[in-house]
Amino acid sequence: MSILYGKDILRTDTLSDGEIDLILSTASRFESVLKAGGRLGNMAGQVLATLFFEPSTRTRLSFEAAMLRLGGQVITVADPRTSSAAKGESLADSMRTVEGYADVIVIRHPRKGSAQEAADAVAVPVINAGDGAGQHPTQALLDIYTIQKEKGSLEGLTVALAGDLKHGRTVHSLVYLLARFGIQLIFVSPSVLTMPAEITADLKKMDADVSASSDLAAAMRQSDVVYMTRIQRERFEDPAEYERLRGSYVVDVAMIRQANPGITIMHPLPRVDEIASEVDAYEGAAYFRQAANGVPVRMALLALVTGCE
Ligand code: CP
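How each quantity is defined
- The written sequence of each chain sets the order in which its residues are numbered from 1.
- Since the coordinates come from a predicted model, pLDDT governs what is reported: local features require at least 70, and pairs of side-chain atoms require 80 or more to be given and counted, while whole-chain, interface and lining totals use all residues.
- Excluding hydrogens and water, the side-chain values take into account all heavy atoms of the structure.
- Between any two strands, at least two bridges found by DSSP are needed for them to pair.
- What counts as a helix is a DSSP run of H or I of at least four residues, what counts as a strand is a run of E of at least two, and both are numbered from the N terminus.
- What counts as an axis is a line fitted to C-alpha atoms, over the stretch in contact for a helix, and the angles between N-to-C directions run from 0 to 180 degrees.
- Contacts: residue pairs with any heavy atoms within 4.5 Å of one another.
- Residues grouped as a nonpolar core are buried Ala, Val, Leu, Ile, Met, Phe, Trp, Tyr and Cys residues, joined through side-chain atoms within 4.5 Å.
- Burial status follows relative accessibility: with a 1.4 Å probe on protein chains alone, a residue under 20% of its type maximum counts as buried, one over 50% as exposed, and anything between as partly exposed.
- Cavities and pockets are found on a 1 Å grid laid over the protein atoms alone: a cavity is a set of points where a 1.4 Å probe fits but cannot escape, a pocket is an open set with protein on both sides within 12 Å along at least five of seven lines, and a lining residue has an atom within 4 Å of such a point.
- Grid points are joined across faces, edges and corners, and a volume is the space filled by probe spheres set on the points.
- By definition, the crossover connecting two strands over a helix is right-handed if that path, from the first strand to the second, turns clockwise as seen with the strands pointing away from the viewer.
- Throughout, near means a residue has at least one heavy atom within 4 Å of the molecule or strand.
- Contacts described as polar in this section are N or O atom pairs within 3.5 Å, which, within protein, must combine one atom able to donate a hydrogen with one able to accept it, while residues neighboring in sequence count only if both atoms come from side chains.
- The protein chains shown are the only cover counted for residues, whose accessible areas, like all others here, come from Shrake-Rupley with a 1.4 Å probe.
- Pocket or cavity membership: a molecule qualifies when more than half of its atoms sit within 2 Å of the grid points of that site.
- Multiplying 1.5 Å by the residue count of a helix minus one yields the expected span of that helix.
- Should an angle fall under 35 degrees it is called roughly parallel, over 145 degrees roughly antiparallel, and 65 to 115 degrees roughly perpendicular, with every other angle called oblique.
- Polarity classes work like this: nonpolar for Ala, Val, Leu, Ile, Met, Phe, Trp, Tyr, Cys and Pro, charged for Asp, Glu, Lys and Arg, and polar for all others, with Gly in that last group.

(A) Layout of the sheet that holds strand 4 (residues 126–131). Strand order in this open sheet of four strands is 2-1-3-4, and the pairing throughout is parallel. Strands with a single pairing partner mark the edges of an open sheet, and in this sheet they are strand 2 (73–77) and strand 4. Each strand of the sheet is rotated relative to its neighbour by a mean of 15°, with strand direction disregarded. Judged from the five bridges that link them, strand 1 (residues 47–52) and strand 3 (residues 104–109) form a sheet pairing that is parallel. Of the residues in strand 3, the one forming a bridge with Ala-49 is Ile-105. Where helix 2 (residues 58–69) meets the sheet, it contacts strand 1, strand 2, strand 3 and strand 4, and its direction lies at approximately 175° from that of strand 1. Docked against the sheet, helix 12 (residues 294–306) engages strand 1, strand 3 and strand 4, running at close to 130° with respect to strand 3.

Here you go:
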């Protein structure tokens, strides 16, 4: 059994270097099998439960595709209005119930810390698919997998992360992985949407090379990758504040022409207006390839935590 057998995947800062390497190498192995037209039956007879208390396209469907690609089966709550949460059932009671139906549970919930609470309630492995403005570790793992594939190596890279760094759970998870690989980080955000202080303090303890800017064009001249994020409308108490901030940063073809040649454009998606659609034709626009990488990376996670790798 692997070092991840039976473990929960709740955040990136608690993963060891060995665990990260194992996830990335297992994902690469699964991707090669799929690309060669091979079939996998590693998880035949096992059931994945996906419990989504917030909307999702990529995370839920790529987890479900991953399980099906591994020969397993899926049960799902895609809309909390159709689950007994709508009748007031506690998260812990829902988890204890679903544990009786599934071998592994993937959960997305609007409350920061809910994934840990869910994992504490059950013995089966729990994977955090996003807990409010907390973390989104599986997105970060597929992001680093994507960077490695797009650039050939993680060595000596500079990555600019732009947009809503305050609420963006994908960047909250990703920066720990980028720092672990010695990648230089440039944070680009409006002054009211900067990276939370506890994360910048952690990065400082890791001796990460971090700078901050409000100038996206300047950051793109220095970067190998720009990771755009959506201003997270659903996290704002004041809709007027969201309206004031939306559209703060938009990447278009004119900006790419002025950027570091060959810059890779990433986005966890969904995008609203952060990347002009004209950018889609640019060969360094990696965001749909990034979304597709969710399948092998999530296959690796499901297989490793259940001992089916
Ligand atoms: N990147 C991401 O989490 O997308 P979804 O919200 O569609 O799952």
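(B) Geometry of the nonpolar core. Ranked by internal contacts, the top residues of the largest apolar core, which has 58 residues, are Ile-127, Leu-161, Val-175, Leu-178 and Leu-302. Counting residues per element, this core draws most heavily on helix 12, at nine residues. Ignoring anything within four residues of it in the chain, the contact list for Leu-302 reads Met-43, Leu-48, Phe-63, Ala-66, Met-67, Leu-70, Val-104, Val-106 and Ile-127. One finds Val-188, Ala-259, Ile-265 and Ile-275 within the second-largest nonpolar core, a separate group that totals 21 residues.

(C) Region of interest: empty space enclosed by the protein. Across all of its chains, the model carries one cavity of 30 Å³ or more by this definition. Its boundaries defined by the atoms lining it, the largest cavity holds a volume of some 40 Å³. Looking at the largest cavity, the residues that line it are Gly-163, Thr-229, Ile-231, Gly-247, Ser-248, Tyr-249, Asp-273 and Glu-274.

(D) Highlighting the pairing of strand 7 (residues 210–213). Relative to strand 7, strand 6 (residues 184–188) runs parallel, the two sharing four bridges. Bridge pairing in strand 7 links Leu-185 to Val-210. One crossover worth recording links strand 6 to the parallel strand 7 by way of helix 7 (residues 197–205), and it is right-handed.

(E) Expanded view of the site of the ligand. Close to the ligand lie Ser-56, Thr-57, Arg-58, Thr-59, Arg-108, His-136, Gln-139, Pro-268 and Leu-269, which account for all nearby residues. Between the ligand and Thr-59 there is a distance of 2.6 Å, counted from an oxygen atom to a side-chain nitrogen or oxygen. In this structure, an oxygen atom belonging to the ligand sits 2.9 Å away from a side-chain N or O atom of Arg-108. Protein chains bury 91% of the 250 Å² of accessible surface belonging to the ligand in isolation. According to the grid-proximity analysis, the pocket containing the ligand is the largest pocket.

(F) Molecular detail of helix 5 (residues 137–151). Over its 15 residues, helix 5 extends 21 Å from the first C-alpha to the last, a length consistent with the 21 Å expected when each residue adds 1.5 Å. For helix 5, the complete set of buried residues consists of Pro-137, Thr-138, Gln-139, Ala-140, Leu-141, Leu-142, Asp-143, Ile-144, Tyr-145, Thr-146 and Ile-147. Within two residues after helix 5, Gly-152 carries a phi angle of roughly 90°, on the positive side.

(G) Representation of the sheet that holds strand 9 (residues 264–266). With parallel pairing, the five strands of this open sheet are ordered in space as 7-6-5-8-9. The sheet terminates laterally at strand 7 and strand 9, the two strands that pair on one side only. Across the sheet, the axes of successive neighbouring strands diverge by a mean angle of 20°, strand direction being ignored. Summarising the sheet, strand 5 (residues 158–162) and strand 6 pair through five bridges and their orientation is parallel. Note that in strand 6 the partner of Thr-158 across the bridge is Gln-184. In the packing of helix 5 onto the sheet, contacts are made with strand 8 (225–228) and strand 9, and the angle to strand 9 comes to roughly 165°.

(H) Just the environment of Thr-59, in detail. Tracing the backbone through its elements, the reader meets Thr-59 in helix 2. Taking C-alpha positions, Thr-59 is 7.5 Å from Gly-294, a pair spaced 235 residues apart along the chain. Among the polar contacts made by the side chain of Thr-59, one reaches the side chain of Arg-108 at a distance of 3.0 Å. Among the polar contacts made by the side chain of Thr-59, one reaches the side chain of His-136 at a distance of 3.4 Å.

(I) Local environment of the packing of helix 6 (residues 169–180) against helix 7. The interhelical angle for the contact between helix 6 and helix 7, taken along N-to-C directions, is 5°, at an axis separation of 11 Å. Between helix 6 and helix 7, the angle is such that the two are roughly parallel. Contacts between helix 6 and helix 7 involve His-172, Val-175, Tyr-176 and Ala-179 on the former and, on the latter, Glu-198, Ile-199, Asp-202 and Leu-203. Counted by class, the contact of helix 6 with helix 7 contains five nonpolar, one polar and two charged residues.

(J) A look at the pairing of strand 4. By the criterion of burial, strand 4 is predominantly enclosed, with six of the six residues buried. In terms of strand pairing, strand 3 meets strand 4 through four bridges, oriented parallel. Paired with Ile-107 across the strands is Asn-128, a residue of strand 4.

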